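# Architecture at a glance
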Amino acid sequence: MSVLHLISCRMTSQSSLTSVTHCVFIPPSHIYRWKPPGCARLFTLVLVSANRKLFHLPVLMDSFTLRVVLCVSALCVWSSAARGRSDVLELKDADFDYIAPEHETLLVMFYAPWCGHCKKLAPEFETAATRMKGTVTLAKVDCTANTETCKRYGVTGYPTLKIFRNGQESSSYDGPRSAEGIVSYMKKQAGPDSVPLHSEHDLENFINHFDASIVGFFSGTDSSQLSEFLKGASLMREGFRFAHTTDLELGKKYDVKYESVLLFRPPRLSSKFEESVVHHTGPLSITGLRRFIRDNIFGLCPHLTKENKDSLRKRDLLTAFYDLDYLHNPKGSNYWRNRVLKVASKFSSQGLLFSVANRNDFLEELEDEFGLGTSDSTELPFVTIKTRTGNKYTMREEFTRDGKSLENFLEDYFSGRLKRYVKSEPVPAKNSAAVKVVVADTFEEIVNDPEKDVLIEFYAPWCGHCKKLEPKYTELGERLYSDPSIVIAKMDATANDIPQGYDVQGFPTIYFAAAGRKDEPKRYEGAREVKDFINFLKREASKPLVLNGVKEEL
């Protein structure tokens, strides 16, 4: 059975056939062929109501009548689109399997209306959808109203983004969450794994790009090296740009004499401190290609952006934030970068990666993570270090043009003389409730008290699951309030730095820090009823519980 036409329309009623949201015309058994006026044939008209009920109606129509119906339907679609003005498709349980297969590449956001991260992503997703119109389609599914689809694709947290190809789930989306990043990432998904290059013009156009480029030069289409390169490009296309040519002459300018793979760094980052083109050496394999890219893709001092920050921050990273603008002021942008590069070249072997970034792109993060206020903005770079384990440091001395202040900062960092920066809410004036409030500055005192067992909830003020848990968690605290050996605590994870050893990716996240074993916090994975928490604490607590003032017997 083939679907001849699919249209969407909206009406006011919610309870009957008048509340039609989608209409699907399905020929009886084979693809419909137009017949002269007057020759009627039977169609099935499937109407999907707003409450997702399906109505199947047999309809006898000739081609003229069908044309009229389709024109009216198209008008309905046009008026609905004009009202909604959204380039993000909204899919439901009733139409997901109809619409998804119509798109060669489809990025779907599974979300919940109450989710704070979803609300933050929504405008970026909408902007990306508009920019990708005609290339890649973006869609969304409300999982609170369309549980069947979300369950089928294993959605357990929000937002979850997945890539579909011709209606089939292809992979999870692990790219950036900004509009620019989504567009860049999905454009790579839409094109070939590796772009074929046929001329010098093709090559120069490809490498003259904002991101680094990996180009393979091969002797012919039957090259075994080319086959291996294309396999690697297929596996790594989500993160890097690949191209290839079977004309070795195209590589003469870059000293290519035999089959080779070259990494071209972005032209705007060219400097005297490092090579702009890096040659892969040794036999080509997927593992070797991956290692070659990993070791060279960023260079000595890359440009940190919202799109590549997750990749760069897998290492200990120093960043100089200033008014960087490679589009309008490349020379001025490289003025401070060259000073960072000069110092970086002296410390490059000590395991710290250096970067530069546009201060305006990270204002919210700088204020939130490093306490940089808007009044602190100057033309001089603001320098930070953030390690893989989450430790943070800031250079409070003014950045000098000779780079000496940066050198002093790094010497103090590597010698262990720097004091970590910690983001913390103010310490509560009173903290005598059944559930203790913990902030970053009191974490050591309360949670790491060696004499007490502590159950701590990391929450977000906007989190719906956290709000649902709150009365139960408070009841738990009240029942254990008279126990001198145990503390029930909570911490706003959006307003305080999370200590090392606690992995908080969603909310609520609950950990148990046992007395005498504070370096081994245990994640609570059980049900969230009061009785479940109590049973867990009975097993894990270092001493018998005192419930409602009564000590439990062993």
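Residues numbered from 1 in each chain as written. Predicted model: local features only at pLDDT ≥ 70, side-chain atom pairs only at ≥ 80, totals over all residues. Heavy atoms only, no water.

### So, the nonpolar core
The condition is simple: Residues belong to one nonpolar core when they are buried, are Ala, Val, Leu, Ile, Met, Phe, Trp, Tyr or Cys, and are joined through side-chain atoms within 4.5 Å. A 1.4 Å probe rolled over the protein chains alone gives each residue an accessible area, and that area as a share of the maximum for its type sets the label: buried under 20%, exposed over 50%, partly exposed in between. Here a strand is any run of E in DSSP of at least two residues, a helix any run of H or I of at least four, and the numbering for each starts at the N terminus.
Leu 318, Phe 354, Val 383, Ile 385, Leu 406, Phe 409 and Leu 410 are the most contacted members of the largest nonpolar core, which totals 27 residues. Listing elements by their share of this core, those giving two or more residues are strand S16 (317-322), helix H10 (330-347), strand S17 (353-358), strand S18 (382-386) and helix H12 (404-414). For this core, the element with the most residues is H10, which contributes six residues. By size, the runner-up hydrophobic cluster in this structure holds 22 residues, among which are Leu 121, Leu 161, Tyr 185 and Met 186.

### What to know about the state of the cysteines
Think of a disulfide as a covalent bridge from one cysteine sulfur atom to another cysteine sulfur atom. For the record, the criterion: The criterion for a disulfide is a pair of cysteine sulfur atoms lying within 2.5 Å.
Here the structure, examined in full by the defined rule, presents one disulfide. One disulfide bridge connects Cys 143 with Cys 150, the sulfur atoms lying 2.1 Å from each other. Judged by the sign of its S-S torsion, about -90 degrees, the cystine formed by Cys 143 and Cys 150 is left-handed.

### A look at unusual backbone geometry
With an omega of -10 degrees, the peptide bond running from Tyr 158 to Pro 159 counts as cis. Along the chain, Pro 159 turns up in the loop between helix H4 (147-152) and strand S8 (160-165). For Asn 166, which is not a glycine, the phi torsion comes out positive at approximately 55 degrees. With respect to the helices and strands, Asn 166 occurs in the loop between S8 and strand S9 (168-172). Taking relative accessible area as the criterion, Asn 166 reaches 47% and is therefore assigned partly exposed.

### Comments concerning the packing of helix H3 (residues 116-131) against helix H5 (residues 179-190)
For clarity, the threshold we go by: The angle between two axes is taken between their N-to-C directions and runs from 0 to 180 degrees, where each axis is a line fitted to C-alpha atoms and a helix contributes only its stretch in contact. For classification, angles of less than 35 degrees are called roughly parallel, those exceeding 145 degrees roughly antiparallel, those between 65 and 115 degrees roughly perpendicular, and all remaining angles oblique. By convention the crossing between two helices is left-handed if the near helix lies anticlockwise of the far one by an angle smaller than a right angle, and right-handed if it lies clockwise. Note on contacts: a residue pair is in contact if any heavy atoms of the two residues lie within 4.5 Å. By the convention adopted, Pro, Cys, Tyr, Trp, Phe, Met, Ile, Leu, Val and Ala count as nonpolar, Lys, Arg, Asp and Glu as charged, and the other residues, Gly among them, as polar.
Taken N-terminus to C-terminus, the directions of H3 and H5 make an angle of 45 degrees; their axes are 8 Å apart at the nearest point. Judged by the inter-axis angle, H3 sits oblique to H5. Read as a crossing pair, H3 and H5 show a hand that is right-handed. Only Ala 179, Glu 180, Ile 182 and Val 183 of H5 make contact with H3, whose side of the interface consists of Leu 121, Glu 124, Phe 125, Thr 127, Ala 128 and Arg 131. Classifying every residue of the contact of H3 with H5 gives six nonpolar, one polar and three charged.

### Some words on the pattern of salt bridges
Note the cut-off: Whenever Lys or Arg places a side-chain nitrogen within 4 Å of a carboxyl oxygen from Asp or Glu, that contact is recorded as a salt bridge.
In total, this model carries 23 salt bridges according to the counting rule given. Among the salt bridges present, the one from Glu 274 reaches Arg 337, with a minimum N-O distance of 3.7 Å. Linking Glu 274 in the loop between strand S13 (260-264) and strand S14 (277-279) with Arg 337 in helix H10, this pair joins segments that are 63 residues apart in sequence. Exposure remark for Glu 274: the relative accessible area of 17% places this residue in the buried category. Across the salt bridge formed by Glu 407 and Lys 346, the nearest N and O atoms sit 3.0 Å from each other. Pair noted here: Glu 407 is in helix H12 and Lys 346 is in helix H10, with a separation of 61 residues, a long-range link. According to the relative accessible area criterion, Glu 407 is buried, its value standing at 12%. We classify Lys 346 as partly exposed; its relative accessible area is 48%. Each member of the salt-bridge network shares a partner with another, and the members are Glu 369, Lys 386, Lys 392 and Asp 497.

### Points about the sheet that holds strand S21 (residues 453-459)
Threshold: Note: two strands are recorded as paired if DSSP finds a minimum of 2 bridges between them.
Ordered by their spatial adjacency, five strands build an open sheet running S20-S22-S21-S23-S24, and the pairing between neighbours is mixed. Because the sheet does not close on itself, it has two edges, and the strands there are strand S20 (436-437) and strand S24 (522-523). Here S21 runs beside strand S23 (residues 509-513); their pairing, made up of five bridges, is antiparallel. Opposite Leu 455, over in S23, you have Phe 512 as the bridge partner. Taken strand by strand, helix H14 (residues 464-479) contacts S21, strand S22 (486-492) and S23, and its axis lies near 160 degrees from that of S21. Contacting S21, S22, S23 and S24, helix H15 (residues 530-540) runs over the sheet at an angle of about 25 degrees to S23.

### Looking at the pairing of strand S6 (residues 106-111)
Counted only if it meets this: Viewed with both strands pointing away, a crossover whose connecting path from the first strand over the helix to the second turns clockwise is right-handed.
Among the six residues in S6, six count as buried, and that is most of the element. The alternating pattern of S6 places Leu 106, Val 108 and Phe 110 on one face and Leu 107, Met 109 and Tyr 111 on the opposite face, and all of these are buried. Direction of pairing for S6 relative to strand S7 (residues 137-142): parallel, over a ladder of six bridges. Its bridge partner lying in S7, Leu 106 is registered against Thr 137. Taken together, S6, H3 and S7 form a β-α-β motif whose crossover is right-handed. Examined bridge by bridge, S6 and S8 share five bridges and lie antiparallel to one another. The partner of Leu 107 across the bridge, within S8, is Ile 163.

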